[in-house]
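Tertiary structure, described
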Amino acid sequence: MPEPFKQLVSRTFVIKQEAVDTDQIIPARFLTTTTREGLGKAAFYDWRYDADGNPKANEPLNTIDASEHRVLVAGDNFGCGSSREHAPWALTDYGFRAVISTTIADIFTSNALKNGLLPITVDKDTHARLMEDPGGRVSIDLDKSELTIGNNPPIKFHIEPFARRCLIEGVDPMGWLVDRVPTIETYERERAV
Amino acid sequence: MSSLNGPKTLLEKVWEKHVVQRETGETPAILYVDLHLVHEVTSPQAFSELDARGLKVRRPDRTFATLDHSTPTAPPGADGKRPYVTAEAEAQVATLERNCAKHGVTLAGWDSDDRGVVHVMAPELGLTQPGMVVVCGDSHTATHGAFGALAFGIGTSEVGHVLATQCLLQRKPKRMRVTVDGVLQPGVSAKDLTLAVIAEIGFGGGSGYVIEYAGSAIRALEMEGRMTLCNMSIEAGARAGMVAPDEKTIEFLRGRRHVAKGDRFEEIAREWLSLATDDGATFDKEIRIDGAAITPMATWGTTPDAALPIGSVAPTPANDTEAKALAYMGFEAGHATTEYPIDVVFVGSCTNGRLSDLRAAAEVLRGNKVKSGVRMLVVPGSEAVKKQAEDEGLHHVFKDAGAEWREPGCSMCIAMNGDFVAPGKLAISTSNRNFEGRQGKGARTILASPATAAASAIAGVLTDPRIFTQPAQEAKRA
Ligand code: SF4
C-alpha cells in the first residue's frame, strides 16, 4: 500500500509533448520483471539513455533533482496505450507523486490512483500556465481537492471519491473488496454462477 | 442514463446484470467478472499480493491463463531449450506456470494446443460469450466485445482484486455509438474500417466511453473482423468496444468447447439476441461514418489515429507533436508515404493474427516474392490458427515468398520477446500501436491491414493491396 497522501508542495517537471503513451513511460522490454520495485531507472528510458545505455547529459530527466520535482506536467492525453501498471510503478519509483494534464487515459488513471500517484486533470488555461512555467511551485491539497499554482487562488480538481478516500485514509481497496465477499457470494447464488 | 424500465443499450443490459452492489456518490459499483484472462506479464505482482495476504484465487474456474507476450516465436533449439530473450523473460513464464499450478488455474502453456495470444485464444475456445463481463490485465481485452461482452483491460492491482474476489470496483462508463453504414468496397478490410473509425474519433476521443459499433457495415463484418475493430477501441481512448450479438455470433460459437450444447445452446442463443440495444435507447455521443467511402488505410504518424487512405501525402504538421511524429517517422509533409522504402513487415498480433488475416495476406503473396532486403515475419495468433493455416498450406505460401513462419505469440507487436524492428528501420505492421519505440527502440511503424502488409512486402514500399487482388479493375483504370 502507498503511504496516505494529503498534501504535496513541489516544483513541476514539464513534458511539452502530447500523447505521452505508456511505451514512452516504460518501454515494453522492461516488463519481464516479476516485482514492482526499482522501475524508476526504466522511466522514460528511451528518452534518457543513448543506444549504448549511457545517460544523455542534455536530458533534463537525468539532471534534475527528482526529490524536488514531484509533479509531472504533461501534454494532452497522458498515459494512453497499454494497461501496464509498470507505468505508475516507474513514475513513482522515479519520484513523481502527481501528474497533471488536460486529459489522462482511463486505465492509467485507475492504475495511478492505486499507487499513490495523483492524476489531476485541469482546464486548458490552467494547463497552459503550468506548461509555460517549468519548475514552478505548486501545492496540492487532496483533502480539499485543490491545486495552487504559485501564489494564485486555488483551483478545484476532481478525484473519484472512493480512490480519494483510499489515498487520504490509507484504505486498502483490495481489503475492502475482500470484506464484501459475503455480498458477492449472495450475488453468485442468485445468478447461479 | 435511461430509466430502469425504459429502452436500454447493450452496455446497460450487460452492466446491470453484473452489478453486485450499486454505485453511490462515495463508492463505485462492485461489478462481477464472468471471465478473467491472465498472461505472464501483468499477473506476477498480483499473485504475489494474494500470497502476501494468504488469499486463494476465488474462482479458478472462471480464470484462464496463457503464455504469449514474453515467449519466443522461434522453435526450441537442438538442446530442446526455448530461445528466450533473457533469463528474466524465462523466469516470468515460469512464475505464471508456478502460480497457475499453485492456485488451480487452467494454463494454456507450452504443452497445450490451446495456447495463443490471450485475445485470440479465448474466443477460439468459446470462453468469451455474449453478455459476459470479461477482463484481463491487457488493454486490448476490448477484442472480446465483438461478441457483445463488456470486455476491458485492467491494471495489475485490479488483476489482484479479481483473483481474490472475482469482482472489480467500477463506475459506469459513458455510452458512445459509432454507426457505420454502407457496403465496404471490394478489397477494403476490417482493419481499414478500424483505422478509419479511430481517425474519426481521434486518439483519446473515446476516453471515458464504451463504444457500441452499429450499422450495416458492422453487421456485414465476420466475427474475426469485428474482433479487429473492437480490439483497437483503446486506440481511440475507449476502454471497451461492443457489437450486439447476431446470427454470426451464434454460428461462430456453436460447438466451441466452453459453450453449452444442444437445446441449452439454443436457449442461450435466444438470450444473446435479446442483448441488442433497444429501439429508442440513447447514447451520450453518436458518430456516423460512411462505410462505402473507406479505402485501404495506413498510418503516417506515431499514434493510431494518424491514419489516411494509402496514397495520401503526409500532412503538414498542425502542432509540435505532429511535427515530432513526422520527424520520427522520417516522412516529409507533402510527400506520399508510399515513397519510402520499408525494411520489415509483420503479420500477426491479436488485431490481425487470425486465420482470415493470414488468408488475406497469403492471397496477395501467393506466387510473389518478398522484395529482397525486406524481412517479413508471419506469426499466427495461436496454436490453433497455426494448425489451421498449415492445414490449408498457407505456411508454404509464406515460406515460398521468402517470409518467416513463426510460433504463435505477441512477437513484434510489443517487441519484448526478442522479435523487434531495429532502430531507424521502417516497418509495416498489422498490429495496433505505432507509438515511438513500440516495435523496438527507434523502430518506425506504419499500421495497416494484412493484405496491405503483404502487398507492401512484395513492392518494398507501402502499397494498396488492390493492385494485387483486383488486377482486372486496375487494368481498366489504367
Ligand atoms: S498481440 Fe500485441 S496487443 Fe495483443 S496482447 Fe499481445 S502485445 Fe498486446
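Note that the structure is predicted; figures quoted are calculated from it, not measured.

1. Some remarks on the layout of surface pockets
In this structure, the largest pocket occupies an estimated 1,100 Å³ of space. If you go around the largest pocket, you meet 41 residues; those closest to its centre are Asp106, Thr109, Ser110 and Glu160 of chain A together with Arg171 of chain B. Examining the composition of the lining of the largest pocket, we find that five residues originate from one element, helix H7 (residues 161-169) of chain A, more than from any other. Per-class residue counts for the lining of the largest pocket are 23 nonpolar, ten polar and eight charged. Here the lining of the largest pocket gathers at least three residues from each of two domains, domain 1 (10-170) and domain 2 (174-292) of chain B.

2. Concerning helix H1 (residues 10-17) of chain B
The buried fraction of H1 of chain B is high, at six of eight residues. Among the residues of H1 of chain B, those classed as buried are Leu10, Leu11, Glu12, Lys13, Val14 and Trp15 of chain B.

3. Observations regarding the interface of chain A and chain B
In this assembly, 54 residues from chain A lie in contact with 63 residues from chain B. Interface area, chain A with chain B, both sides summed: about 4,800 Å², of which 57% is carbon and sulfur. Considering only the surface of chain A that becomes buried against chain B, Thr32, Met174 and Leu177 of chain A emerge as the three largest contributors, covering 14% of it. Between chain A and chain B we count nine salt bridges in total. For Lys441 of chain B, the salt bridge identified is with Asp46 of chain A, shortest N-O distance 3.8 Å. At the boundary of chain A with chain B, the tally comes to 32 residue pairs in polar contact (both at pLDDT 80 or more). Of all the secondary structure elements, the ones that give two or more residues to the side of chain A that touches chain B are helix H1 (22-25), helix H2 (45-48), helix H4 (86-94), helix H5 (106-113), H7, helix H8 (173-178) and helix H9 (181-191) of chain A.

4. Brief notes about the domain arrangement of chain B
Residue and element names in this part refer to chain B. Assigned domains within chain B: domain 1 (10-170), domain 2 (174-292) and domain 3 (306-477). A separation of 24 Å is found between the C-alpha centroids of domain 2 and domain 3. Every contact between the two is made by 16 residues of domain 2 and, on the other side, 18 residues of domain 3. Buried surface at the junction of domain 2 and domain 3, summed over both partners, amounts to about 1,400 Å²; 49% is from carbon and sulfur atoms. On the domain 2 side of the interface with domain 3, the three residues burying the most area are Lys191, Glu224 and Asn231, jointly 35% of the side's total. Arg433 is the partner of Glu235 in a salt bridge, and the nearest nitrogen-oxygen pair spans 3.1 Å. The interface formed by domain 2 and domain 3 holds eleven residue pairs in polar contact (both at pLDDT 80 or more) in total.

5. Comments concerning the environment of Ala336 of chain B
On the secondary structure map, Ala336 of chain B appears in the loop between helix H11 (320-329) and strand E15 (344-347). Setting aside residues no more than four positions away along its own chain, Ala336 of chain B makes contact with Gly311, Ser312 and Val313 of chain B.

6. Focus on empty space enclosed by the protein
Where empty space is left in the structure can be found by rolling a water-sized probe over the atoms. Tallying each qualifying case throughout the model produces three cavities of 30 Å³ or more. Of the volumes computed, that of the largest cavity is approximately 200 Å³. Counting only elements with at least two residues in the lining of the largest cavity, the list comes to helix H4 (118-125) and helix H12 (349-352) of chain B. Looking at the lining of the largest cavity residue by residue, the class counts come to eight nonpolar, eleven polar and five charged. A domain-level breakdown of the lining of the largest cavity finds at least three residues from each of domain 1 (10-170) and domain 3 (306-477) of chain B. There is about 100 Å³ of room inside the second largest cavity. Cys80, Ala105 and Asp106 of chain A together with Ile234 and Gly237 of chain B are, among the 15 residues lining the second largest cavity, the residues nearest its centre. Taken together, the residues of the lining of the second largest cavity break down into six nonpolar, seven polar and two charged.

7. As for the packing of helix H13 (residues 355-365) of chain B against helix H16 (residues 450-459) of chain B
All names here are of chain B. Contact geometry of H13 with H16 gives a least axis separation of 8 Å together with a crossing angle of 30°. Classified by the angle between their axes, H13 and H16 sit roughly parallel to one another. Judged by the sense of rotation from one axis to the other, the crossing of H13 with H16 is right-handed. When H13 is examined against H16, the residues Asp357, Ala360, Ala361, Val364 and Leu365 are found in contact with a partner set consisting of Pro450, Ala451, Ala454, Ala455 and Ile458. A per-class count over the contact of H13 with H16 returns nine nonpolar, no polar and one charged.

8. Some words on the site of the ligand
All names here are of chain B. Around the ligand, the surrounding shell consists of His69, Val117, His119, Asp138, His140, Ser349, Cys350, Cys410, Cys413, Ile414, Asn432 and Arg438. Given that more than half its atoms are within 2 Å of the pocket grid, the ligand belongs to the largest cavity. Counting only domains with at least three residues in the shell around the ligand, you end up with domain 1 (10-170) and domain 3 (306-477).

9. Quick word on the side chain of His395 of chain B
Counting through the fold element by element, His395 of chain B comes out in helix H15 (residues 394-401). Non-local contacts of His395 of chain B, meaning those with residues more than four positions away in its chain, are made with Ala389, Glu390 and Trp405 of chain B.

10. Re unusual backbone geometry
Residues and elements named next belong to chain A. A positive phi is found at Asn77, a non-glycine position, where the angle reads about 65°. Within the secondary structure layout, Asn77 lies in the loop between strand E2 (69-74) and H4. Phi at Ala192 is positive, roughly 55°, even though this residue is not glycine. Within the secondary structure, Ala192 sits in the segment after H9.

What counts, and at which threshold
Residues numbered from 1 in each chain as written. Chains lettered and ligands numbered in written order. Predicted model: local features only at pLDDT ≥ 70, side-chain atom pairs only at ≥ 80, totals over all residues. Heavy atoms only, no water. 1 Å grid on protein atoms, 1.4 Å probe; cavity = no way out; pocket = protein on both sides within 12 Å on 5 of 7 lines; lining within 4 Å. Points joined across faces, edges and corners; volume = space filled by probe spheres on them. Helix = DSSP H or I, 4+ residues; strand = E, 2+ residues; numbered from the N terminus. Nonpolar A, V, L, I, M, F, W, Y, C, P; charged D, E, K, R; others polar. Domains from an automatic or database assignment. Buried < 20%, exposed > 50% of the residue type's maximum accessible area, 1.4 Å probe, protein only. Contact = heavy atoms within 4.5 Å. Buried area = accessible area lost by both parts, 1.4 Å probe. Salt bridge = Lys/Arg side-chain N within 4 Å of Asp/Glu carboxyl O. Polar contact = N/O pair within 3.5 Å; in protein donor to acceptor, adjacent residues only side chain to side chain. Axes fitted to C-alpha atoms, helices over the stretch in contact; angles between N-to-C directions. Parallel < 35°, antiparallel > 145°, perpendicular 65-115°, else oblique. Left-handed = near helix turned anticlockwise from the far one by under 90°. Near = heavy atom within 4 Å. Sits in = over half its atoms within 2 Å of the grid points.

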